[in-house]
Amino acid sequence: MESPFTYILITLFFSSILLAIIFFMTWQTMGKQKYALMFSLSFLASTALWANTLFKSLFLSHNLYWMMGCTLSMLSVVLGTWGHCLRTKTPIPISALLSLAGLGIALTFYFTYIDSFIGMQMSLYLLVDVIFLLITSVVIIRHRKKSRPAEIGASVMHFVFAISLFIAASIALSQGRTMDVELIKLYAVVNFTALPAAYVGMSVFVIYMLASDLAEEMKLLAMTDSLTQSLNRRGFYVHAKQQILELQKQQQHVCLIYWDIDKFKAINDQYGHAGGDQVLISICQMIRQHIKKDDLLARMGGEEFVILIGRTGYDDAKNVAERLRSMINDTPIPFGELHINITASFGVVELGSQDISVEQAINLADNALYKAKSSGRNNVVFS
Ligand SMILES: Nc1nc2c(ncn2[C@@H]2O[C@H](COP(=O)(O)OP(=O)(O)OP(=O)(O)O)[C@@H](O)[C@H]2O)c(=O)[nH]1
């Protein structure tokens, strides 16, 4: 009858293979994101680590088997940590991660072959792993101001995994220079109870995190206009209500500007659909440069747009539409060798002074826009 630890190792071996395959498939299906490939390679290194532990001393001398195990363990966490740095665009260079792992390998080598010190030999790689797991935990949680539940879970699981490794490392280190059979038994119990659960838990949360990345990307796509990369009508309604509350809390004057390119049909007729499309793309880029980062710009359909702004002074808010109108009037849009002159008409309504919904504000601003069109175009009308 094999030791129960052998069965746990076999389970870990197969779990790692499956995880390596899952992340490889994720890499293939999620637009070849490098971080998914790093996660796959990390689990591949873990698979080799568990295989090395399963077949220990069968092919290699004990010391060589140990060095191999430590190296694979550190390689696995380096790849995982780097993957998380890539996903979150955290500027930690791979060379720094490899240097730390290299130091761990060199010291383990020293305490294995040169100055035999069993406590150091057994704990050093675990301590290096702990540092990497803690870095990863912080990298995940600091990625955005408000972390998603999957990110909180993944960060906590990395922390828990780090703690369980730290306990195992402390037990191993307390042996001192020579082996202590009782402590080795305790070390094995910690290593084969808390550790597998933390390992699998951590992996599942990383998968959940990537699935939630994908869901967010889909949500974003469903709310974005593919031509101009502005919000679409649906995206505007989703964001506007929250943004209005936020701006009103900050005592800002909130204005809704409904605007429309004048005689756009004639532009299409003169320059073709491609020319019309170029106008829509360029005008959105220009507008974005002239409004604040937090202002919402959305394409409501065709050549109709809406902008939601908040300004400290009422006059500031009112003047935005006039400034945009004059900027559009003065800026011909390059299209190949040509330049297309355009104008736009604007309807503006202030929210806050009147207790109205977004839908009502849009109707009022649209009526004002209609008046701007009827009174000759290229002007601004306030509701
Ligand atoms: N190139 C291009 N044209 C579009 C797009 N969506 C709608 N249009 C065109 O936009 C034109 C809108 O025309 P109208 O609603 O008559 O408005 P207009 O010509 O701008 O006239 P006024 O608004 O009264 O100044 C139509 O010819 C549509 O085919 C698009 O995505 N790309």
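Bear in mind the structure is a predicted one, so any value in this text is a computation, not a measurement.

Trainee: Please set out the nonpolar core residue by residue, giving values where relevant.
Mentor: Counting 54 residues, the largest nonpolar core has F161 and Y187 as the members making the most contacts within it. Take this core: its biggest share by element is eleven residues, from helix α7 (residues 181–222). The contact partners of Y187, leaving out residues within four places of it in the chain, are W66, M122, Y125, L126, A168, I171 and A172. In terms of nonpolar packing, the next biggest core, distinct from the first, is built from 30 residues, I267, A321, M327 and I342 among them.

Trainee: Could you give an account of the packing of helix α5 (residues 118–141) against α7, with specific residues and numbers?
Mentor: For the pair α5 and α7, interaxial distance at closest approach is 14 Å and the crossing angle is 25°. Comparing the axis directions of α5 and α7 gives the class roughly parallel. Remark: the crossing between α5 and α7 carries left-handed chirality. Contacts between α5 and α7 involve M122, Y125, L126, L133 and I140 on the former and, on the latter, I184, Y187, M202 and M209. The residue makeup of the contact of α5 with α7, split by class, is nine nonpolar, no polar and no charged.

Trainee: Can you lay out helix α3 (residues 62–88) for me, pointing to particular residues and giving the numbers?
Mentor: The end-to-end C-alpha distance of α3, which contains 27 residues, comes to 39 Å, matching closely the 39 Å that a straight helix rising 1.5 Å per residue would cover. Of the residues one or two after α3, K89 is the one with positive phi, at around 55°.

Trainee: Describe the layout of surface pockets, listing the residues and the values that go with them.
Mentor: Quantified by volume, the largest pocket comes out at close to 1000 Å³. The wall of the largest pocket is formed by 48 residues, among which W50, T53, Y125, N191 and F192 lie closest to the centre. Elements represented by at least two residues in the lining of the largest pocket include exactly α1 (4–29), α2 (34–54), α3, α5, α6 (149–173) and α7. Residue contributions to the lining of the largest pocket peak at eleven residues, all from α3. For the lining of the largest pocket, the per-class residue count stands at 28 nonpolar, 17 polar and three charged. Roughly 870 Å³ of volume is contained in the second largest pocket. Along its surface, the second largest pocket is lined by 20 residues, and R144, K146, R148, E216 and L220 are the ones closest to its centre. Listing elements by their share of the lining of the second largest pocket, those giving two or more residues are α2, α3 and α7. In terms of residue count, the dominant contributor to the lining of the second largest pocket is α7 (five residues). Considering only residue class, the lining of the second largest pocket consists of five nonpolar, four polar and eleven charged.

Trainee: Quick rundown of the pairing of strand β6 (residues 344–351)? Include the residues and the values.
Mentor: Counting buried residues along β6, eight of its eight residues qualify, which places the element largely inside the surrounding structure. Side chains A344, F346, V348 and E350 of β6 all project onto a buried face; the interleaved residues S345, G347, V349 and L351 project onto the opposite face, where all are buried too.

Trainee: Requested: an account of the side chain of S123, with residues and values cited.
Mentor: Looking at where S123 falls in the secondary structure, it is placed in helix α5. In this structure, S123 is in contact with A169, A172 and L173, ignoring residues within four places of it in sequence.

Trainee: Summarise the UniProt feature "transmembrane region" (unreviewed entry) in the chain; cite the residues concerned and give the values.
Mentor: The UniProt feature table records "transmembrane region" (unreviewed entry) at residues 6–27, 34–52, 64–82, 94–114, 120–140, 152–174 and 186–211. End-to-end, the C-alpha atoms of residues 34–52 are 27 Å apart, and along that stretch the chain is 100% helix and 0% strand. A helix fraction of 100% and a strand fraction of 0% characterise residues 94–114, whose end C-alpha atoms lie 29 Å from each other.

Trainee: Lay out helix α4 (residues 94–114) in plain terms, naming residues and giving numbers.
Mentor: Here α4 is 21 residues long and its end C-alpha atoms lie 29 Å apart, about the 30 Å a rise of 1.5 Å per residue gives. Turning to α4, its buried residues are L97, A101, G104, T108, F111 and T112. Projection of α4 onto a plane perpendicular to its axis shows the buried side chains occupying an angular sector of 105°, all on one side. In this structure, the buried side of α4 is in contact with α3 and α5.

Cut-offs applied
- All residue numbers refer to position in the chain's written sequence, counted from 1.
- The model is predicted, so local features are restricted to residues of pLDDT at least 70 and side-chain atom pairs to those at 80 or more, both for listing and for counting; the totals for chains, interfaces and linings are taken over all residues.
- Note that the side-chain values use all heavy atoms of the structure and ignore hydrogens as well as water.
- Residues enter a nonpolar core if they are buried and are Ala, Val, Leu, Ile, Met, Phe, Trp, Tyr or Cys, with the set joined through side-chain atoms within 4.5 Å.
- Whether a residue is buried, partly exposed or exposed follows from its accessible area with a 1.4 Å probe, protein chains only, as a fraction of its type maximum: under 20%, in between, or over 50%, in that order.
- The secondary structure listing takes helices from DSSP runs of H or I that are at least 4 residues long and strands from runs of E that are at least 2 residues long, numbered from the N terminus.
- Contacts were defined at the residue level, with two residues in contact if any of their heavy atoms lie within 4.5 Å.
- Fitting a line to C-alpha atoms yields each axis, with helices limited to the stretch in contact; the angle taken between N-to-C directions then spans 0 to 180 degrees.
- Throughout, the term roughly parallel applies to angles under 35 degrees, roughly antiparallel to angles over 145, roughly perpendicular to angles from 65 to 115, and oblique to all others.
- Handedness of a crossing follows from how the near helix is turned relative to the far one, being left-handed for an anticlockwise turn of less than a right angle and right-handed for a clockwise one.
- Residues are sorted three ways: Asp, Glu, Lys and Arg are charged, Ala, Val, Leu, Ile, Met, Phe, Trp, Tyr, Cys and Pro are nonpolar, and all the rest, Gly among them, are polar.
- Here, expected helix span is obtained from the residue count minus one, scaled by 1.5 Å.
- Here a cavity is any set of points on a 1 Å grid over the protein atoms alone where a 1.4 Å probe fits but cannot get out, and a pocket is any open set with protein on both sides within 12 Å along at least 5 of 7 lines; a residue lines the site when it has an atom within 4 Å of a point.
- Grid points are joined across faces, edges and corners, and a volume is the space filled by probe spheres set on the points.
- UniProt positions are given in the numbering used here, feature names are shortened, and annotations may be inferred rather than shown by experiment.
- Throughout, the arc means the angular range of directions from the helix axis out to the C-beta atoms.

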